[in-house]
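Take a look at the letters that make up each chain.
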Amino acid sequence: MTQIRKMPWVAAVATAGMTVATMAQNQTDMLSPMVTDGVPFQMELELVEWIGDPLPAIHSAAFAIYEDQLLLVGGKASGLHNFTCNPNVNWPAAEFNRSLMVVDFEMRETFTRSLEDGGTGVTPNQIASLASSNTLTRELGERLVSMGGYGIDERGDYVTFSTLRVFDVPGVIGWVRGDRSSLADHIHFHDAPKNAPADFFTICGGILISNGDELWSCLGQSYQGGYVDENVCPSVGTTQIYTRSIRRFKLDGPGPDAAPVYLGETASPPAWARRRDLNVFPAVVPDGDGAVALGGVFTLEDGVWTVPIVIDADGGMSMREPEDPRALRQGFNVYESARLSLWSESRRENWFVSFGGLGYQVLADGALVENNSVPYSNDALAVRYAPDTGSWSQHLIGTSYPMSTDEDGNRWFNGIDTLTIRIADESKRQIELDSIVEPTRVAYLYGGIVANGQGITTFPQTFASNQLFEVVLIPGAGCPADLDGDGEVDAADLATLLLAWGSVPPETPADLNADGVVSSADLGWMIGDWGPCARP
């Protein structure tokens with residue numbers, strides 16, 4: 001069994017160079033067991049050795065891909081926000097990305113053009129919305145749809161913006177690369193549609209997904225005013241309203257000039273939908289195509305949400321009672337991160353994979369640690385959901401970001417607000433697991449926030465990343481605990497593992513969960529796989 005170590009029931013909050021302890025309460029006290037087998041695939045995560053123009057360091061940006069060119073809009077070029085009592089220190093204006101950027105993956109070139117170049121035809125407040133962070137964004141063919149976002153408006157006030165932006169991606173890329181068109185010709189700005197509430201698009205920290213011809217903005221919040229740590233700072237007049245809602249709309253045509261049409265939203269938002277900065281996955285649900293929301297922050301007691309929300313084909317939300325023994329209670333990778341959604345028709349299972357980020361539960365020195373400071377994670381989690389039976393399980397799959405350190409030897413931790421660039425089954429809601437019969441590159445993970453420490457006992461430094469990783473999916477469960485490759489996990493493999501016990505370099509076979517330490521976690525994995533290897 002994987003070792004679990006509980007840490008003190010306090011949240012460590014960094015403020016002006018000191019740590020303040022505050023009480024926090026998660027949605028559930030107990031978490032579901034972590035499983036290390038039963039996953040019908042493996043994943044490898046490898047750093048792309050980039051030779052060419054430097055890649056921009058960015059996180060929380062809107063983005064789209066067109067003909068091997070990546071368009072980046074807004075986001076931040078710094079790390080996690082600060083926790084002082086001064087909003088201008090916590091979210092400095094200079095850290096918002098006020099340029100549009102294009103990365104040409106084929107030519108390895110990067111192009112940047114300031115939104116404040118003369119002649120854009122875009123108003124100052126429209127520019128401010130384009131520079132915002134944590135927008136809800138979705139690519140639709142040659143269009144990029146982006147809504148809301150947190151930033152600084154033309155008056156210098158911190159706001160969540162209220163508009164929807166629809167980009168003609170090829171046209172915007174051409175403008176960034178220097179053509180003589182007007183930027184305003186390629187971006188259309190929309191207020192809330194007819195019959196919708198005025199704040200319909202006023203969201204940050206949620207997730208935008210497509211379902212057929214509909215777009216769903218899932219959960220999130222409207223945050224108006226400067227950010228301060230309200231646990232220790234006097235009020236600066238901010239308001240924070242969680243949507244607790246699925247807001248549905250569509251575009252009335254196929255072009256970038258199409259206008260939004262209101263379809264509806266959650267009539268009675270439930271208290272347990274008070275979530276933001278979470279992962280939402282397209283999913284097969286009991287009544288067809290819907291979605292699943294995993295994790296998220298914060299409960300009323302500043303804890304994390306642990307029980308998933310199932311979103312049905314009409315946008316309705318349901319959640320099992322936390323006390324139900326069939327409920328999944330997840331503490332690992334609860335914050336928005338890089339993610340992939342997979343579906344196996346033959347098994348009738350969804351698989352939701354999140355790559356690193358933050359969690360109440362993390363792997364630290366080979367043990368599963370529970371810590372209310374919500375430390376950083378480098379490890380991938382796969383959550384299984386079978387809609388026909390309503391069964392759930394969570395699995396460590398032995399995949400993590402490659403080991404790397406800063407100049408002082410501190411390990412980097414990746415994943416928060418990282419962009420997921422899917423390159424397999426791009427036109428489909430989910431990757432079709434049954435169709436992958438050989439190792440296949442399915443996605444790139446780019447940018448995000450990196451921390452030079454895990455944050456269990458001290459608050460690490462954070463930065464915007466410019467690293468690019470590729471994700472390779474390998475069909476079949478594999479047998480990583482068969483260290484000598486003889487088709488069976490046995491005493492010979494156990495001896496190899498014990499000889500490697502302790503800290504090890506990257507790619508050590510006995511380090512089954514790839515956390516840099518051969519420990520009781522790897523031993524538990526090996527015991528669970530004991531005997532002949534299962535064949536796919």
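The coordinates are above.
Residues numbered from 1 in each chain as written. Predicted model: local features only at pLDDT ≥ 70, side-chain atom pairs only at ≥ 80, totals over all residues. Heavy atoms only, no water.

**Re the overall build of the chain**
In plain terms, the rule: The way it works is that DSSP assigns letters per residue, a run of H or I at least four long becomes a helix, a run of E at least two long becomes a strand, and they are numbered from the N terminus. What the globule rule says is 2.2 Å times the number of residues to the power 0.38, and the radius of gyration is computed from C-alpha atoms. Residue exposure (1.4 Å probe, protein chains only): buried if accessible area is under 20% of the type maximum, exposed if over 50%, otherwise partly exposed. Any pair of residues with heavy atoms lying within 4.5 Å of one another is described as a contacting pair. Surface accessibility follows the Shrake-Rupley procedure with a 1.4 Å probe radius. Residue values consider only the protein chains on display as shielding. Under this rule, positive means Lys or Arg and negative means Asp or Glu; His and the chain ends count for nothing. One atom stands in for each charge, and that atom is NZ of Lys, CZ of Arg, CG of Asp or CD of Glu.
Helix and strand content of the chain: five helices and 42 strands. Taking 24 Å as the expected radius of gyration for a compact globule of 536 residues, we find that the chain reaches 23 Å, a close match to that expectation. Projected onto its principal axes, the C-alpha positions of the chain cover 70 × 50 × 50 Å. Relative to its 536 residues, the chain shows a buried fraction of 60%. Contacts in the chain between residues at least 24 apart in sequence constitute 65% of all its contacts with a sequence separation of at least 6. Here the chain has roughly 21300 Å² of accessible surface; of this, 51% comes from carbon and sulfur atoms. Treating the 33 positive side-chain charges of the chain as one cloud and the 69 negative ones as another, the clouds have centres 7 Å apart.

**Side note on the sheet that holds strand S8 (residues 99-104)**
Stated precisely, the cut-off is as follows: When DSSP locates at least two bridges between a pair of strands, those strands are taken to pair. Angles run from 0 to 180 degrees between N-to-C directions of axes, and those axes are lines fitted to C-alpha atoms, restricted for helices to the stretch in contact.
Pairing in this open sheet of four strands is antiparallel, and the strands run S6-S7-S8-S9 from one edge to the other. This sheet does not close on itself; its edge strands, each paired only once, are strand S6 (62-66) and strand S9 (109-114). Direction aside, the axes of adjacent strands within the sheet are offset by 15° on average. Looking at chain direction, strand S7 (residues 69-73) and S8 are connected through five bridges and run antiparallel. Bridging from a neighbouring strand, Leu 72 pairs with Met 101 of S8. In the packing of helix H3 (residues 169-176) onto the sheet, the strands contacted are S6, S7, S8 and S9, and the crossing angle to S8 comes to about 100°.

**Notes on the environment of Arg 276**
Here Arg 276 is to be found in the loop between strand S21 (260-265) and strand S22 (279-285). Residue class for Arg 276 comes out buried when judged on its relative accessible area of 13%. When the C-alpha atoms of Arg 276 and Cys 218 are compared, they prove to be 9.0 Å apart, with 58 residues separating the residues in sequence. Among residues more than four places away in sequence, those in contact with Arg 276 are Gly 205, Gly 220, Gln 221, Gln 240, Tyr 242, Gly 296, Val 297, Phe 298 and Tyr 335.

**Details of the nonpolar core**
Formally: By nonpolar core we mean a set of buried residues, namely Ala, Val, Leu, Ile, Met, Phe, Trp, Tyr and Cys, connected to one another through side-chain atoms within 4.5 Å.
Within the largest apolar cluster, 24 residues are counted, with the highest numbers of intra-cluster contacts made by Phe 41, Met 43 and Phe 355. Only strand S5 (41-47), strand S26 (338-344), strand S27 (349-358), strand S30 (376-386), strand S35 (440-446) and strand S38 (468-475) provide two or more residues apiece to this core. Counting 19 residues, the second-largest nonpolar core is a separate cluster that includes Ala 62, Val 122, Ile 127 and Leu 144.

**Things to note about the sheet that holds strand S4 (residues 34-35)**
Read across the sheet, six strands follow the order S4-S31-S30-S27-S26-S34 without closing on themselves; strand pairing throughout is mixed. This sheet does not close on itself; its edge strands, each paired only once, are S4 and strand S34 (431-432). By the bridge criterion, eight bridges tie S27 to S30 in an arrangement that is antiparallel. Bridging across to S30, Ser 354 finds its partner in Leu 381.

**As for the pairing of S8**
Across the six residues that make up S8, a large majority, six, are buried. Of the two faces of S8, the one carrying Ser 99, Met 101 and Val 103 and the one carrying Leu 100, Val 102 and Asp 104 are both buried. The pairing of S8 with S9 spans six bridges and is classified as antiparallel. From the neighbouring strand, Val 102 faces S9, where its bridge partner is Phe 111. From the end of S8 to the start of S9, which pair antiparallel, there are four residues, and Arg 108 there has a positive phi angle of about 60°.

**Observations concerning the packing of aromatic side chains**
What characterises a pair of aromatic rings is the spacing of the ring centres plus the angle enclosed by the ring planes. For clarity, the threshold we go by: Centres within 6.5 Å are what make two rings of Phe, Tyr or Trp a pair, Trp counting through its six-membered ring; a difference in plane orientation under 30 degrees is then read as stacked, over 60 as edge-to-face, and the rest as tilted.
All told, the structure shown has 17 aromatic pairs when counted by the stated rule. Note on Phe 83 and Phe 459: the rings are 5.5 Å apart at their centroids and 85° apart in plane angle, and the pair reads as edge-to-face. In this pair, Phe 83 is assigned in the loop between S7 and helix H1 (87-90) and Phe 459 in the loop between strand S36 (449-451) and strand S37 (462-464), connecting sequence segments 376 residues apart. Residue Phe 83 is classed as buried on the basis of its relative accessible area, which comes to 14%. Judged by relative accessible area, which is 39%, Phe 459 ranks as partly exposed.

**Some details on unusual backbone geometry**
Residues Val 297 and Phe 298 are joined by a peptide bond in cis, for which omega reads -10°. Residue position: Phe 298 is located in the loop between strand S23 (288-294) and strand S24 (309-311). One non-glycine residue with positive phi stands out, namely Asp 365, at about 55°. With respect to the secondary-structure elements, Asp 365 resides in the loop between strand S28 (361-364) and strand S29 (367-370). Of note, Val 374 is a non-glycine position whose phi angle comes to about 55°, a positive value.

**Points about the state of the cysteines**
The condition is simple: Disulfides are defined in this document as cysteine sulfur pairs within 2.5 Å.
In total, this model carries one disulfide according to the counting rule given. The disulfide bridge from Cys 85 ends at Cys 233, spanning 2.0 Å between sulfur atoms. Torsion about the S-S bond of the Cys 85 and Cys 233 cystine: about -85°, corresponding to left-handed handedness. In this pair, Cys 85 is assigned in the loop between S7 and H1 and Cys 233 in the loop between strand S18 (221-224) and strand S19 (239-242), connecting sequence segments 148 residues apart. For Cys 233, a relative accessible area of 9% translates into the label buried. Of the cysteine sulfurs around Cys 204, a residue in no disulfide, the closest is that of Cys 218, at 15 Å.

**With respect to a negative patch on the surface**
The following threshold applies: To count toward a patch, a residue needs a relative accessible area above 30% and no salt bridge. Like charges then connect within 9 Å, nonpolar side chains (Val, Leu, Ile, Met, Phe, Trp, Tyr) within 5 Å. A pair is scored as a salt bridge if a Lys or Arg side-chain nitrogen falls within 4 Å of a carboxyl oxygen belonging to Asp or Glu.
A cluster of acidic side chains, namely Glu 67, Asp 68, Glu 106 and Glu 142, defines a negative patch on the protein surface. As for its position among the elements, Glu 142 is in the loop between strand S10 (136-140) and strand S11 (143-147). Its relative accessible area of 46% is what places Glu 142 among the partly exposed residues.

**Description of the environment of Ser 32**
Note the cut-off: Two N or O atoms count as a polar contact when they lie within 3.5 Å, although within protein this holds only if one can serve as hydrogen donor and the other as acceptor, and sequence-adjacent residues are included solely when both atoms are side-chain atoms.
One can find Ser 32 in the loop between strand S3 (18-22) and S4. On the accessibility criterion, Ser 32 (11% relative accessible area) is buried. In this structure, the C-alpha to C-alpha distance between Ser 32 and Gly 331, residues 299 residues apart in sequence, is 8.4 Å. In contact with Ser 32, other than residues within four places in its own chain, are Ala 327, Leu 328, Arg 329 and Gln 394. Here Arg 329 takes part through its backbone nitrogen, which lies 2.8 Å from a polar atom of the side chain of Ser 32.

**Considerations on the side chain of Thr 508**
Along the chain, Thr 508 turns up in the loop between strand S40 (502-503) and strand S41 (517-518). A distance of 2.7 Å separates a polar atom in the side chain of Thr 508 from the backbone oxygen of Pro 505.

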